[in-house]
Amino acid sequence: MRFFRPRTPTSAADTQQRLSRDVLVLGVIAFFVMVGFGVVVPVLPVYVRSFGVGNLEIGAVVSAFALMRFVASPFCGRLIDWAGERTILAAGIGIVALSSGLAGIAQNYPQLLLLRGAGGIGSAMFTVSAMTLLLGSTAPGIRGRAIGFYQGGFLLGGMAGPALGGLLATISLTAPFFFYAGTLAIAGVLGLLLLSPGYRNAPADASGAPAPRVPFRRVLADPRFRAACLANFAQGWTSFGVRNALIPVLVVEVLRGPSSWTGVAFAVAAVAQTLALAPAARFVDTVGRRPAIIGACLLAAVTIFAVPFAPNIVVLTALLCVYGVASAFLGTAPAAAVGDAAGAGGGRPVAVFSMFSDFGAIIGPLAAGLLADSVSYPVAFGVGALFFLATSALALRMPRETRAVRPA
C-alpha cells in the first residue's frame with residue numbers, strides 16, 4: 001500500500017506569517033557564499049591551466065567539487081543529528097573557506113585538485129544543513145516564500161560574483177580565491193552568531209506544535225518526496241549538463257556568434273529567474289506544490305527541447321528566460337515538497353534530495369556532450385526534456401493539497 005501523509009491545510013494566519021530571522025539570515029549567508037563562488041568560477045579554468053595541464057585536468061578540478069559533494073552528502077544527515085544544523089553549517093563553510101584560501105597558494109596541480117575536493121565536502125555540509133534548518137523551522141504555509149528568499153540570495157550573489165571576479169582577476173589569478181575565503185568567513189560568522197541551534201526548537205505547523213519526526217522509510221515512500229528528488233535530478237542534469245555545457249558551444253558553432261553572446265543570454269535569463277522567484281514562491285504556498293511541479297516541468301521540457309532549434313540569439317535568449325521562469329518554480333516547489341513529506345525528519349531526507357541534483361550535475365555534462373558529438377544537439381537537449389516530462393508524470397501521483405478558506 002502506498003504511503004503518504006496529507007499536507008496540513010493552510011490557514012489564513014499560516015500564509016500571513018512573516019519570515020523568521022533564521023530564514024533572513026540564511027538568505028544573507030547564501031548571498032555571501034554565492035558571491036564568492038561566482039568570483040572564482042570565471043578564473044578557475046585559467047588558474048588550473050597555469051599549472052601546465054590540459055583540458056582533462058581542468059575538467060577534473062571542476063568535477064572534483066561536485067563529486068565530493070555527492071560522496072559527502074549521505075553523511076551530512078547523521079552529522080546534523082549529532083551536532084545540529086548551525087554547527088555543521090558553520091563547519092562546512094569553514095572547510096570551503098580554508099580550502100579556497102589554500103588553493104590560492106597551491107604549489108602544484110595535485111594540491112589544487114585535493115583542495116577543490118575538500119571544498120566539495122564542506123559545500124555538502126553547508127547545503128544540507130542550511131536546507132534542513134530552513135525547512136524544519138518554517139511553517140508549511142510560508143515554506144515556498146522562505147525557500148524563494150533563500151534562493152534569491154543565491155541568484156543575486158551569482159549575478160554579482162562573476163563581475164567582481166573579472167575585476168579581481170586583473171590583480172592576480174589568485175586574488176579571487178582569497179576573496180572567496182573572505183566572503184565565506186563572513187557567512188560562517190553570521191551563521192554561528194545569528195542562527196538558532198536547529199529546527200528542534202522551532203514550530204513547524206500552524207498550531208505552533210513541533211511536527212513529529214517522520215521515519216525515513218516513510219519519507220522515501222512518499223510520492224511528494226519521490227517527485228521532488230526526480231525534479232532535482234532533472235534540474236541538475238539539464239542546468240549543468242545541457243544548459244551550461246552545450247549552449248556556449250551552440251552559440252559559437254551553430255549560431256556563429258561570439259562567445260560573449262552566451263554571457264549576455266545567461267545574464268538576462270538570470271534576471272528573469274530572479275524576478276519570477278517571488279511570484280513562484282507565492283504560487284507554491286497558495287496554489288500548491290503539485291501544480292507548480294507539474295506545470296514548471298512541462299514548461300522546462302518544451303523550452304529546453306526548443307533551444308537547439310533557435311534561429312538566432314534573440315530567440316535563444318527568450319527561450320532561456322522562459323526556462324529561467326520554470327527554474328524559479330523548480331527551485332522552490334520540490335524543496336517545499338520535501339519539507340512537507342519529511343516534517344522534522346532531520347537531515348537525511350534533505351541529503352538524499354541534494355544528492356539527486358549533484359548526481360545529475362556529475363553525469364549530465366558527460367552524457368550531454370557524448371550525445372551531442374555522437375548523435376545531435378536536439379537529441380542531447382531532448383534527453384533533458386524527457387527527464388522533466390517524467391517528473392511531471394510522477395508528480396501527478398502527489399496528493400492534492402487542501403486550502404482553508406480565508407475568513408471574510
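As shown above, the structure is provided for reference.
So, here is what we can say about the structure in this document. (Residues numbered from 1 in each chain as written. Predicted model: local features only at pLDDT ≥ 70, side-chain atom pairs only at ≥ 80, totals over all residues. Heavy atoms only, no water.)

1. Some details on the overall build of the protein
A count of helices and strands for the protein gives 16 helices and zero strands. Going through the 408 residues of the protein one by one, you find that 53% of them count as buried. Long-range pairs, those at least 24 residues apart, make up 87% of the contacts in the protein between residues at least 6 apart in sequence. Roughly 16900 Å² of accessible area belongs to the protein as shown, and the carbon and sulfur atoms make up 71% of that amount. (Helix = DSSP H or I, 4+ residues; strand = E, 2+ residues; numbered from the N terminus. Buried < 20%, exposed > 50% of the residue type's maximum accessible area, 1.4 Å probe, protein only. Contact = heavy atoms within 4.5 Å. Areas by Shrake-Rupley, 256 points an atom, 1.4 Å probe, with all protein chains shown as cover.)

2. A word on the packing of helix H10 (residues 223-253) against helix H14 (residues 333-342)
It is at 8 Å that the axes of H10 and H14 come closest, and there the two elements cross at 150°. In terms of orientation, H10 and H14 fall into the roughly antiparallel class. The two elements H10 and H14 meet at a crossing, and its hand is left-handed. Of the residues in H14, those touching H10 at Arg 224, Phe 225, Ala 228 and Ala 231 are Pro 334, Ala 337, Val 338, Asp 340 and Ala 341. Its residues assigned to classes, the contact of H10 with H14 comprises seven nonpolar, no polar and two charged. (Axes fitted to C-alpha atoms, helices over the stretch in contact; angles between N-to-C directions. Parallel < 35°, antiparallel > 145°, perpendicular 65-115°, else oblique. Left-handed = near helix turned anticlockwise from the far one by under 90°. Nonpolar A, V, L, I, M, F, W, Y, C, P; charged D, E, K, R; others polar.)

3. Brief notes about helix H12 (residues 289-306)
End to end, H12 covers 26 Å across 18 residues, agreeing with the expected 26 Å (1.5 Å per residue, within 8%). Listed as buried for H12 are Arg 289, Arg 290, Ala 292, Ile 293, Ile 294, Ala 296, Cys 297, Ala 300, Ala 301, Thr 303 and Ile 304. The inward-facing, buried residues of H12 contact helix H7 (143-169), H10, helix H11 (260-286), helix H13 (313-330), H14 and helix H16 (377-395). (Expected span 1.5 Å × (residues − 1).)

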